[in-house]
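Listed below, chain by chain, are the residues.
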Amino acid sequence: MTKVIDNLTFKEHKEQLTAPKVGDTFCIDINIKNGHRFYNVNVGRKWMYFRELYACGVIKKTVTEGKRLLNNKYWECAKWDAFSKYCTLKAGDKRKKSLPKNWKGEY
């Protein structure tokens with residue numbers, strides 16, 4: 001069974017998103033070119049294949065393009081997670097308008 005990586009479980013799969021290895025297969029929700037959808041991802045030696053989960057068709061990317069997409073997805077999710085952690089309003093607190101400088105250290 002393939003692993004499902006979404007916006008809530010991205011921290012558990014940091015290694016797979018930032019440095020995927022040949023032979024990795026997993027399912028991820030990502031926006032590639034036709035909207036935000038779930039894709040089954042297969043990592044090969046030269047190509048990464050993004051197959052839509054609920055439709056037919058394959059999007060074929062080179063490994064470097066695929067790694068860039070997955071790395072951007074990880075850091076985008078990390079940024080939103082840090083924003084919700086540090087910048088949301090709690091009872092009686094003033095809202096912070098920006099993230100702290102060292103927020104990437106936790107991720």
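Scroll up to find the structure.
Rules and cut-offs
Residues numbered from 1 in each chain as written. Predicted model: local features only at pLDDT ≥ 70, side-chain atom pairs only at ≥ 80, totals over all residues. Heavy atoms only, no water. Helix = DSSP H or I, 4+ residues; strand = E, 2+ residues; numbered from the N terminus. Buried < 20%, exposed > 50% of the residue type's maximum accessible area, 1.4 Å probe, protein only. Contact = heavy atoms within 4.5 Å. Lys, Arg positive; Asp, Glu negative; His and termini not counted. Charge placed at Lys NZ, Arg CZ, Asp CG, Glu CD. Expected span 1.5 Å × (residues − 1). Disulfide = S-S within 2.5 Å. Pairing = 2+ DSSP bridges. Axes fitted to C-alpha atoms, helices over the stretch in contact; angles between N-to-C directions. Core = buried A, V, L, I, M, F, W, Y, C linked by side-chain atoms within 4.5 Å.

A. A look at the overall build of the protein chain. Along the protein chain, the regular secondary structure elements total two helices and five strands. Ordered by position from N to C terminus, the α and β elements of the protein chain give β-α-β-β-β-β-α. When the backbone C-alpha atoms are referred to their principal axes, the protein chain occupies close to 50 × 25 × 25 Å. Considering the protein chain as a whole, with its 107 residues, one finds that 32% of them fall into the buried category. Of the contacts formed within the protein chain by residues at least 6 apart in sequence, a portion of 29% connects residues at least 24 apart. Across the protein chain, the 23 positively charged side chains and the 11 negatively charged ones have centroids separated by 6 Å.

B. Focus on helix α2 (residues 63–86). Compared with an ideal rise of 1.5 Å per residue, which puts 24 residues at 34 Å, α2 spans 34 Å between its outermost C-alpha atoms and is within 8% of the ideal. Within α2, burial applies to V63, G66, L69, L70, K73, Y74, C77, A78 and A82. Tucked inside the fold, the buried residues of α2 contact α1 (14–18), β2 (25–31), β3 (36–43), β4 (47–52) and β5 (58–62).

C. Quick look at the state of the cysteines. Enumeration according to the criterion identifies zero disulfides in this entry. Cysteine C77 shares no disulfide, and the gap to the nearest cysteine sulfur, in C27, comes to 14 Å. Classification of C77 by relative accessible area gives buried; the value is 6%.

D. Quick look at the sheet that holds β4. Strand order in the open sheet made by the five strands is β1-β2-β3-β4-β5, with mixed pairing throughout. Each end of this open sheet is capped by a strand with a single partner; those strands are β1 (3–5) and β5. On average, each strand axis in the sheet is tilted by 30 degrees relative to the strand beside it, whichever way the strands run. Note: β3 against β4, five bridges, orientation antiparallel. Opposite Y39, over in β4, you have E52 as the bridge partner.

E. Quick peek at the nonpolar core. Judged by nonpolar contacts, the single largest core of 22 residues is most densely connected at I28, F50 and L70. Of all elements in the fold, only β2, β3, β4 and α2 reach the threshold of two or more residues within this core. Considering each element in turn, this core owes the most residues, seven residues, to α2. When neighbours within four sequence positions are excluded, L70 is seen to be in contact with L17, P20, F26, I28, I30, M48 and F50.

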